[in-house]
Amino acid sequence: MAEKRKVCVLGATGVGKTSLVARFARSIFSESYLTTIGVTIETRRVRCDDRELDLILWDLSGEDEFQDVQISYVRGSAGLLLVIDGTRRFTVETGLRLHAAARATAGELPSVVALNKADLTAAWEIDEAAEARLRRAGLLVTRTSAKTGAGVEGAFSALARAMLGSDAPLWRG
Amino acid sequence: MGQPRPRRGAPSPVRTLEDLRPLLVGPEQRRIRRIEERLDQSMAEMVAGALPEAVIESRKKGEALSWALEPLITDAIHERVRRDPGSFADAISPAMGPAIRRAVACALRAMIQRLNEALALGLSWESLRWRLEARRTGRSFAEVVLLRSMVYRTEQLFLVHRGTGIALEHVTSEDIPYRDPDQVSAMLTAIDAFAHDAFRTDARLERFRVGDLTGWVEHGPSALLVAIVRGVAPPAYGSVLGETLERVHLVYGGELAGFRGDRTPFSGARELLSRCLQQQRRSAPGRGRAALAAAAVLAALAATALVFWMRASWEDERRFAGCVEALRREPGLLVTAAERRDGQVVLTGVRDPLAADPRAVIERGVPAPPAVTLRFEPFYSLHPQIVERRAARALEPPPGVSLSLRDGVLVASGVAPERWIERARWSAAVLPGVSGFDGERLQAQESIDRARAAASSLEGVELLFRRGAARLSSEQRARVDEVAAAADRLFALAREAGMTAEIRVIGYADPVGSEASNRALSLARAEHVAAELGARGVPADRLRASGAGLRRELLSPSCPGGAARTGCIAGADERRARSVIFLVDLRAASKE
Ligand SMILES: Nc1nc2c(ncn2[C@@H]2O[C@H](COP(=O)(O)OP(=O)(O)O)[C@@H](O)[C@H]2O)c(=O)[nH]1
Ligand SMILES: [Mg+2]
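Residues numbered from 1 in each chain as written. Chains lettered and ligands numbered in written order. Predicted model: local features only at pLDDT ≥ 70, side-chain atom pairs only at ≥ 80, totals over all residues. Heavy atoms only, no water.

Is there a simple way to think about the pairing of strand 2 (residues 39-48) of chain A in this case?
Side-chain positions along a regular strand alternate between the two faces of the sheet. All names here are of chain A. Most of strand 2 is tucked away: seven of the 10 residues are buried. Bridge analysis of strand 2 against strand 3 (residues 51-60) gives 10 bridges, and the strand direction is antiparallel. The partner of Val-39 across the bridge, within strand 3, is Leu-60. Once strand 2 ends, the chain turns through two residues before running back antiparallel as strand 3, passing Asp-49 with a positive phi of about 45°. (Buried < 20%, exposed > 50% of the residue type's maximum accessible area, 1.4 Å probe, protein only. Helix = DSSP H or I, 4+ residues; strand = E, 2+ residues; numbered from the N terminus. Pairing = 2+ DSSP bridges.)

Below, the structure written as C-alpha cells:
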C-alpha cells in the first residue's frame, strides 16, 4: 500500500501555486473553494527509489491585501512547497514570512522552494543574493515554469525525496 | 525527678548503677542503637515495604483510611486536570462514552414508554400491522413505528486521521459512484478547521446536509468517522458511529498516535467500520453470485468439519475458540481443522496470499493469545474483499481511480490515462473472482486534457473595439464566427470528458472617460459579444457577460490616477485596452 503525505503549497497571490499544482495533478473540486474557504485539494502518486508515495496537495489561497492565509491548514503536513514568483522580488519576503508562520504552527518540515515563471527570463528579478538567503533559511531551491512544465516534476520529487528521507513528524496538536 | 533520692551513709548507688548497667542491659542497649541507626538510614524503604499490607489491613478495619486520603486524592486530580485537561479527557473518554449512552438509553426508554401510551389510542391498518410485528419481535410498539417510518441508507464511510486529514479507510455501499476519498476527507477536515477558526468556538463540524444526503461526523481524540447517509437515519445511528469510533481508538490507539502516512496497520479497521454500513442488498442472481455462493458453501462445509480434541479447561477452550473465531472472520482465511497434538494446538487451513497474516489476526483479535501452531496452505479466495485487493494489486489504479466489486463485476471510477483504462478492461476479466469490468464511470485523462486545451485556445482570443464603441467593427465581427466554433468544440470535448464548461465574457474599456461610464461601456461590450455568440447558436445559459472597467494589467504601476492615465498605455496595448476576452470555467459534471 502506498504511503500518504499531506503537503501544503504556500506563497503570495499570483505566484503560480494553482498553476503548478494543476500542471502536476488534477482536482475534483472547483477552484472556487480557494476563494470561499481558502484551500482546494488535489492528489497525485509519485515514485521515489522504488517507493510509492501518494501526495495530498493542499493549495492554500495566497496572501494579499484582501485575505490572509489560513495558516491552521498547515497542521499535519509532512512537507511544504513554497512558491515564489521569480519576476516579482517582494514575493521572496512573503514566502519567507509564510514559511516562518507554517513552522510555528507545524514544526520543522522538509521544505522546497519553487522559483516559478522561469520562462520569463527577461523579467527575472531574483539574483544570487536572494537565492543564497533562501538557502540560508534551510530551503532547497528549484526553478519551475508552470507554463512550460519545466522543473515541475523535479520540484515535487525533490520534496517527496526529502519527506521520505526525514521521518515524517508526528502530528502536533 | 521521679528518681528516688540516694540515702545518706550508704555506698553511692549511682555509681553502682552505672557499673551494673552494661552488665544488665548491655545487649539490649546495642540492639536499640542498631535499630536507631537502621531507622535513620532506611525509613523510607521499610515503610514502602509495609505500606501495601498496612493499607489492606486498615481497609479490613473500616473506612478511616479512605476518609484520610480522600481530600488528598481529590486535590491531586483537580490539580492534574487544571494543568493538563487534554490528557485527562483522552484517558477517560473510552469510559465516558458507554456511561453517557447508558444515561441516554434510559431517557429514550422513558420517552418510548410515553409514546407507547399515546399511540395506543390511535388505530389504522398500518398501525395494526406494526402492532403484529411488535408482538412477533418482542419490540415495543413505538420502537417498531420509529423503525418502519424511517428510511435511510449509509452510502459511504470515511475513517479520517485527525491530524493530517488523510483517509485511513473508505468503505462504500454497493453501486455508489464516488470521488477520490483522500480529496474528500482532506476537504472535510479543511471545512472543519475553517469553521472552527472562523467562528472561534470549541464546537466542531458534526452534521451537514446536501439535498437528500446527510453527513454525520463523529470526533474522537485521534480520528474522525464520517458517514454519508441518504435519507433520515434515527438518532441512535449516531451512537453506532460513536461506539465504532471508540472501538477503533481502543484497537488502534497506538497506531493512530504514531501515524506517519503508512496505512497498513489499519487494514483490519474495515471490518469494524462495516458495522456502520447499512446496506439494502438487491437479490439479483448472476454469474459472480454463483461463484460467491459456491465459496460460501465451501466455507460452511469447512466450518462443520472443524473438530476439537481438547480436554483443556473451559477458559483455555474459550481462548482457542476466540482464535478460531478471529481467523474465521478474517477474509481470505479458512480454518479447516483445529486439533491438539502432544499438548500442542495445531490450526490447519488455507490462506489467500493477499489475506492478513493469521498470527497477526490472532494477536489483534484475542486478548491473551494461547500458543498455537499454524499450518496454512495457499489458495485463491473469492471473498469480495480479497478479490478487490487482488484487483488493486494486479491493475495498480492511479490515485484518481477507485475500484470496487459489485456482484462479481469490478467497477472502476475516477480519472485515468486511456492506456490504463484499455489495459484494465482486458486484464480485469481474467482475475479469479472477477466476472467482468465496468468502466462506465471512468474518465480518460486525455479527454480532460483535450477539453482543457480547447478552453485555453478560447482564452487566447481577444476581440478589439474602436474607442467609445460598444459594438464590433465588421472586421472584428467576422472573428465571432471563429469564437462560436471554438465554443462549440469546447462544449463537445467537455461533455466527452464528463465536465461542464461555462464561458465568462469579460469586457474592458480604456482609461478615457469617467470610471462609471467605462464600467457601463465595458459591460455593454461584453453583452454585445454574448448576444452575437447567442445568435450563432451558443446556448445563453453557458455564457456570463460582465464588465470589468479598466484593464489594469496593461497599466504601468507608476501611472497616476484619473484622466491623466490616458497616455499611460502605449502602442499595441493601447487597442487591447478596449476589448472583450473569454475565461472558461471547466468543472467536473456532477454525477447525481
Ligand atoms: N509565464 C508564466 N506565467 C505563469 C506561470 N505560473 C503561473 N503563471 C500565471 O500567473 C498567474 C497566477 O497564477 P495562479 O496559479 O493563479 O497563482 P496563485 O495565486 O499562486 O495560485 C496566472 O495568470 C498564470 O497563468 C509560469 O510559470 N510562467
Ligand atoms: Mg491559486
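After that view of the structure, there is still more to cover.
What should I look at first to understand the pairing of strand 5 (residues 223-231) of chain B in this one?
Residues and elements named next belong to chain B. Here strand 5 lies mainly inside the structure; eight of its nine residues are buried. The sheet contact formed by strand 1 (residues 152-161) and strand 5 spans nine bridges and is antiparallel. Following the sheet pairing, Phe-158 is matched in strand 5 by Val-226. Across seven bridges, the pairing between strand 4 (residues 213-219) and strand 5 is antiparallel. Considered in strand 5, the bridge of Gly-215 is made with Ile-228. Linking strand 4 back to strand 5 in an antiparallel pair, the connection comprises three residues.

Whenever I open this one, the environment of Glu-440 of chain B confuses me. Can you help?
Residue and element names in this part refer to chain B. Here Glu-440 shows up in strand 11 (residues 436-444). Since its relative accessible area comes to 69%, Glu-440 is described here as exposed. Taking the C-alpha atoms as reference points, Glu-440 and Gly-414, 26 residues apart in sequence, are found 9.9 Å from one another.

Help me understand the sheet that holds strand 1 of chain B in this model?
Backbone-to-backbone hydrogen bonds pair the strands of a sheet. The strands run either parallel or antiparallel. Residues and elements named next belong to chain B. Pairing within the open sheet is antiparallel, and its five strands lie in the order 2-1-5-4-3. Each edge of the sheet is formed by a strand with only one pairing partner; in this case those strands are strand 2 (167-172) and strand 3 (207-210). On average, each strand axis in the sheet is inclined to that of its neighbour by 15°, with strand direction left out of account. Packed on one face of the sheet, helix 6 (residues 181-199) meets strand 1, strand 2, strand 3, strand 4 and strand 5 and runs near 80° to strand 1. (Axes fitted to C-alpha atoms, helices over the stretch in contact; angles between N-to-C directions. Contact = heavy atoms within 4.5 Å.)

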